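The chain contents come next:
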Amino acid sequence: MLPIRDCVQQTPGYVPGEQPQTTDYIKLNTNENPYAPPDEIFNNLEEELKKVRLYPDPVSTKLRKAAGEVFGFSYEQILAGNGSDDILNIALRTFVNPGETVAFLDPTYSLYETIAKVHGATIKTISTNEKFELDSPLICPEAKLIFVASPNPPLGKHLNRKYLKETCEKATGVVLIDEAYVDFSDEDHWEFIKEYDNVIVSRTMSKSYSLAGMRVGFGISSPEIIEEMNKVRDSYNLDRIAQTLGTNCFQFEDYFKGIWQQVRSTRNRLIASLRNLDFFVFDSDANFVLASPQWIEASNLYTKLKERKVLVRYFKHPRISNYVRITVGTDAEIDRLLEVVEQLKNES
Ligand SMILES: Cc1ncc(COP(=O)(O)O)c(C=O)c1O
């Protein structure tokens, strides 16, 4: 018998959205940015590639400095991660002993549960209301760490700010506010870092900066918290190419702000069009929408769309079993999705 830890054996493992091996799909299932980053970010890549023999900068200096300038924090307040998933894992390993409690909402980003289980943590979930929103602050005095995403998937809306503030105020442990989708909205939680000494904000370049394939994320907090988390991360957690492209992307803020705006305007059109096609659709602050077709089972819609080469996300979670989550693509991709949906509706 292999000495596999009980908590690992008992974990089904994270199920990521499908990454098809062919390019003939319209891919609206994993919240990637539909627009490529500017070509200029590749200008110095050749130089970096020639240095692959050498380890990368272990502490991602240039990247953290560039992020600090854009985010308005000092370099000492920023930890770079191999995607923001890395930051979530580092936080767990920094603040929670196996057996201690981690709290998060239900439903939310399902990776919180997977990593907490694998870590051997005790899990406390707090249900959102029937609209997937908070009715009150998230209070869990025994939690060493609370993960809260705002905007929160699968809904994609910001959590009530007042409740979130109270969550930070009343927490006895650390609160990690996961802002993976924040750039597609009008709000952020930077001030929470300044106001409370137990708050970490995580950010990713996977969505708004079109770098999902590079795995670049950040944890932003007080220098004291970052110093402790820094001990826990892998020694070379970001490779050379990820550091270079991440740093370069921060030089093109205007370009990215333009595509965020474009995604928001396509999102609004998508929501309105789906409502016209007899879907129940929530508003969204993210680059995806949660929608429930009123004329077909959501699982069936997912399958039929896939047969027609349009990939959306379907979750088996009981609370959202009649919804699909659709990533906001380019206007042309959304036009194609809507065209196929309309055909399916006419056939139903
Ligand atoms: C809420 C949330 N946080 C974090 C992530 C992961 O981001 P990254 O690609 O930076 O690991 C995702 C990805 O889907 C997400 O939905």
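By convention here, each chain's residues receive numbers from 1 onward along its written sequence. pLDDT decides what is reported in this predicted model: residues at 70 or higher carry local features, side-chain atom pairs at 80 or more are listed and counted, and totals for whole chains, interfaces and linings draw on all residues regardless. Neither water nor hydrogens contribute to the side-chain values; these are computed over all heavy atoms in the structure.

Draft legend 1. Structural view of the sheet that holds strand β7 (residues 199-204). Whether two strands pair depends on DSSP finding at least two bridges between them. Put simply, DSSP H or I for four residues or longer makes a helix, DSSP E for two residues or longer makes a strand, and each gets a number counted from the N terminus. Read from one edge of the open sheet, 7 strands run β2-β8-β7-β6-β5-β3-β4, paired in mixed fashion. Lying at the two open borders of the sheet, with one neighbouring strand each, are β2 (78-81) and β4 (122-127). Strand-to-strand twist in this sheet, taken as the mean axis angle between neighbours without regard to direction, amounts to 20°. Sheet analysis places strand β6 (residues 174-178) next to β7, joined by 4 bridges and oriented parallel. Paired with Leu176 across the two strands is Ile200, which belongs to β7. Its contacts with the sheet place helix α6 (residues 161-170) against β5 (143-149), β6 and β7, and it is angled at close to 150° to β6. To get an axis, fit a line to the C-alpha atoms, keeping to the stretch in contact for a helix; angles then go from 0 to 180 degrees between the N-to-C directions. Only heavy atoms enter the contact rule, under which two residues are in contact if any of them lie within 4.5 Å.

Draft legend 2. The arrangement of empty space enclosed by the protein in detail. With a 1 Å grid laid over protein atoms only, a set of points is called a cavity when a 1.4 Å probe fits there but cannot get out and a pocket when it is open yet has protein on both sides within 12 Å along at least five of seven lines; lining residues have an atom within 4 Å of a point. Grid points are joined across faces, edges and corners, and a volume is the space filled by probe spheres set on the points. Per the counting criterion, the structure on display carries 1 cavity of 30 Å³ or more. One number sums up the size of the largest cavity: a volume of about 40 Å³. Each residue is assigned to one of three groups, with Ala, Val, Leu, Ile, Met, Phe, Trp, Tyr, Cys and Pro labelled nonpolar, Asp, Glu, Lys and Arg labelled charged, and all others, Gly among them, labelled polar. When its residues are assigned to classes, the lining of the largest cavity shows 4 nonpolar, 3 polar and 2 charged.

Draft legend 3. Representation of the domain arrangement of the protein within the structure. Split by domain assignment, the protein resolves into domain 1 (6-36 + 254-347) and domain 2 (43-251). The gap between the C-alpha centroids of domain 1 and domain 2 is 24 Å. At the interface, 30 residues of domain 1 touch 35 residues of domain 2. By buried area we mean how much accessible surface two parts lose on assembly, using a 1.4 Å probe and totalling the loss over both. Taking both partners together, domain 1 and domain 2 bury about 2700 Å²; carbon and sulfur atoms supply 61% of that area. Salt bridges are defined by distance alone: a side-chain nitrogen of Lys or Arg within 4 Å of a carboxyl oxygen of Asp or Glu. The interface formed by domain 1 and domain 2 holds 1 salt bridge in total. Here Asp186 and Arg264 are joined by a salt bridge, their closest N and O atoms 3.0 Å apart. In the analysis that follows, any N or O atom pair within 3.5 Å is treated as a polar contact, provided that within protein one partner can donate a hydrogen and the other can accept it, and provided that, for residues neighboring in sequence, both atoms belong to side chains. For the interface between domain 1 and domain 2, the tally reads 16 residue pairs in polar contact (both at pLDDT 80 or more). Looking at the side of domain 1 that touches domain 2, the elements that each hand over two or more residues are α1 (6-9), α10 (253-276) and β10 (288-293). Considering every element that reaches the side of domain 1 that touches domain 2, the biggest residue donor is α10, with 6 residues. Split by residue class, the side of domain 1 that touches domain 2 holds 15 nonpolar, 8 polar and 7 charged. Domain segmentation is taken from an automatic or database assignment of domains.

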